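# Reading the structure
For reference, the chains in residue letters:
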Amino acid sequence: MNTHIWTQYFLANRNRFAEPPLPAASSDLPKSIRVPLVKSLAIFQLGESGGGTRLMRYVKQVVSGPRLHGYEQAVQLFIEEEQYHSRLLEKLVIHLDGVCLQKQWTNSVFRWLRNHFGVEFNIQILLIAELIAEAYFGAIYLRCQDSAVRICCRKILADEMRHLAFHAEFLRERLNKKPAWWRTLWRAQFRLFNLATCAVVAWDHRDCFRAIGLAPMEFARMASRTGLRFLRRLEKPHTLWLARSPQQNASVATNT
Ligand SMILES: [Fe+2]
Ligand SMILES: [Fe+2]
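Conventions used here
- Residues numbered from 1 in each chain as written.
- Chains lettered and ligands numbered in written order.
- Predicted model: local features only at pLDDT ≥ 70, side-chain atom pairs only at ≥ 80, totals over all residues.
- Heavy atoms only, no water.
- Helix = DSSP H or I, 4+ residues; strand = E, 2+ residues; numbered from the N terminus.
- Buried < 20%, exposed > 50% of the residue type's maximum accessible area, 1.4 Å probe, protein only.
- Contact = heavy atoms within 4.5 Å.
- Areas by Shrake-Rupley, 256 points an atom, 1.4 Å probe, with all protein chains shown as cover.
- Phe/Tyr/Trp six-rings, centres within 6.5 Å; stacked < 30°, edge-to-face > 60°.
- Lys NZ or Arg CZ within 6 Å of the ring centre and 35° of its normal.
- Lys, Arg positive; Asp, Glu negative; His and termini not counted.
- Salt bridge = Lys/Arg side-chain N within 4 Å of Asp/Glu carboxyl O.
- Polar contact = N/O pair within 3.5 Å; in protein donor to acceptor, adjacent residues only side chain to side chain.
- Core = buried A, V, L, I, M, F, W, Y, C linked by side-chain atoms within 4.5 Å.
- Expected span 1.5 Å × (residues − 1).
- Donors = N, O, S within 2.8 Å, 3.2 Å for Na, K, Ca; no water.
- pLDDT = per-residue confidence, 0-100.

## Digging into the overall build of the chain
Along the chain, the regular secondary structure elements total 12 helices and 0 strands. Along its sequence from the N terminus, the chain presents helices and strands in the succession α-α-α-α-α-α-α-α-α-α-α-α. Among the 256 residues that make up the chain, the fraction classed as buried is 51%. Excluding contacts between residues fewer than 6 apart, the proportion of contacts in the chain whose partners are at least 24 apart in sequence is 83%. Put simply, the chain shows about 12,200 Å² of open surface, and 59% of that area lies on carbon and sulfur atoms.

Below you can see the structure in the form of structure tokens.
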């Protein structure tokens with residue numbers, strides 16, 4: 001894994017984004033969209049807010065390989081980027097007159113799963129959350145007319161696409177060391193968890209999706225295709241994904 005390129009990317013990406021000036025006045029989105037949207041965004045804000053302690057513990061177990069020299073630093077920068085998303089979403093939630101959450105059931109389930117089934121499973125759950133985020137922020141970006149929402153979603157979407165490429169590069173190397181039957185089984189169970197998560201998120205955020213004109217089932221299908229695409233991406237180099245523009249990313253994420 002070329003950890004140097006990723007470290008350089010994360011460092012450069014820190015200063016690349018100009019935060020949108022959020023007006024002091026509330027958003028002029030109609031209440032019928034704003035209320036379900038902000039409730040939904042608050043759940044993603046909570047999801048982005050983790051400290052990354054367990055992920056770093058996992059990373060420390062695998063960094064001994066010479067090809068993973070520098071991986072620890074790259075992961076630390078990745079975690080910082082996720083924490084930045086959390087701060088950005090917090091500002092957006094407040095701008096939309098919403099309230100940030102301390103606890104939410106899907107978030108608690110995700111954390112529980114990550115903590116109880118070993119380190120390999122921990123990173124897999126993280127990946128599935130990234131895949132959902134890709135479809136989610138792509139859909140909001142394309143369907144919501146509020147400029148602050150669109151700018152924040154576009155920024156997060158662009159970063160999430162790179163996060164997936166980052167994880168894919170790591171995972172590709174891990175999987176390539178396993179026998180073919182093991183990889184087939186791994187893909188099958190990954191797909192199963194991915195599908196279950198798509199269904200749960202589509203149901204949990206149904207009011208938001210309906211408010212922006214997206215049927216929850218359609219979101220589930222969209223997010224499921226994102227998962228399939230990721231599995232195919234595991235076979236390809238990451239460079240294509242680093243080269244896409246945010247608009248292209250949104251179109252890819254939402255299959256438009
Ligand atoms: Fe994120
Ligand atoms: Fe991410």
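## Quick notes on the packing of aromatic side chains
Where two aromatic rings form a pair, the distance of their centres and the angle of their planes describe that pair. Considering all chains together, one arrives at 15 aromatic pairs under this definition. Here the aromatic rings of Trp 6 and Phe 10 are separated by 6.0 Å at their centres, their planes lie at 35 degrees, and the arrangement is tilted. Of this pair, Trp 6 and Phe 10 both sit in helix α1 (residues 3–14), 4 residues apart, which is roughly one turn of the helix. In this structure Phe 10 comes out as buried when scored by relative accessible area, which is 1%. Arranged with centres 4.2 Å apart and planes meeting at 20 degrees, the rings of Phe 209 and Phe 219 form a pair that is stacked. Taken together, the positions of Phe 209 in helix α9 (residues 206–211) and Phe 219 in helix α10 (residues 216–233) put the pair 10 residues apart, joining distant regions of the chain. Taken as a pair, Phe 209 and Phe 219 share a single burial class, namely buried. For Lys 178, the ring lying beneath its charged end belongs to Trp 182, and the centroid distance is 4.7 Å. Sitting over the ring of Trp 203, Arg 206 keeps its end group 4.1 Å from the ring centre.

## Considerations on the side chain of Arg 34
With respect to the helices and strands, Arg 34 occurs in helix α2 (residues 31–47). The side chain of Arg 34 is buried and forms no salt bridge, while Asp 97, the nearest opposite charge, is found at 4.1 Å. Only 3.0 Å separates the side chain of Arg 34 from the backbone oxygen of Leu 96, close enough to count as a polar contact. For Arg 34, the contacting residues outside a window of four places in its chain are Ser 27, Leu 29, Leu 96 and Asp 97.

## Remarks on the nonpolar core
Counting 40 residues, the largest nonpolar core has Leu 37, Leu 41, Tyr 136, Phe 137, Ile 140 and Phe 219 as its most contacted members. Looking at this core, the elements that each hand over two or more residues are α2, α4 (71–95), α6 (118–143), α7 (147–176), α8 (180–204), α9 and α10. Ranked by residue count, the leading element in this core is α6, at 8 residues. Non-local contacts of Leu 41, meaning those with residues more than four positions away in its chain, are made with Leu 89, Leu 92, Val 93, Leu 96, Tyr 136 and Phe 137. Within the second largest apolar cluster, 21 residues are counted, among which are Trp 6, Leu 77, Ala 165 and Phe 170.

## Some remarks on α8
Three- or four-residue spacings in an α-helix give side chains the same orientation, since the helix completes a turn every 3.6 residues. Over its 25 residues, α8 runs 36 Å from end to end, which matches the ideal 36 Å to within 8%, given 1.5 Å per residue. Every buried residue belonging to α8 is among Trp 186, Phe 190, Arg 191, Asn 194, Thr 197, Cys 198, Val 201, Ala 202 and Asp 204, and all of these are buried.

## Side note on the coordination of the iron ion (ligand 2)
On the protein side, the iron ion (ligand 2) has Glu 82 (OE), Glu 130 (OE), Glu 130 (OE), Glu 160 (OE) and His 163 (ND1) as donor atoms, found 1.9 to 2.7 Å from it. Sequence positions of the donors to the iron ion (ligand 2) reduce to the motif E-x47-E-x29-E-x2-H. Separating the iron ion (ligand 2) from the iron ion (ligand 1) is a gap of 3.4 Å, bridged by Glu 82, which donates to each. With Glu 82 in helix α4 and Glu 130 in helix α6, the pair connects residues that are 48 residues apart, well separated along the chain. There is no split in this pair, since Glu 82 and Glu 130 are both buried.

## Some remarks on the confidence of the model for the chain
Any residue range with low pLDDT should be treated as having predicted coordinates unsuitable for detailed reading. Averaged over the chain, the pLDDT score is 84; the fraction of residues at 70 or greater is 88%. Across the chain, element-level confidence peaks in α9 with a mean pLDDT of 97 and bottoms out in helix α11 (residues 239–243) with 49.

## So, the coordination of the iron ion (ligand 1)
Reference values for angles at a metal are 109.5 degrees in the four-donor tetrahedral case and 90 or 180 degrees in the six-donor octahedral case. Here the iron ion (ligand 1) is held by Glu 48 (OE), Glu 48 (OE), Glu 82 (OE), His 85 (ND1) and Glu 160 (OE), and the distances to it run 1.9 to 2.5 Å. Mapping the donors of the iron ion (ligand 1) onto the primary sequence yields the spacing E-x33-E-x2-H-x74-E.

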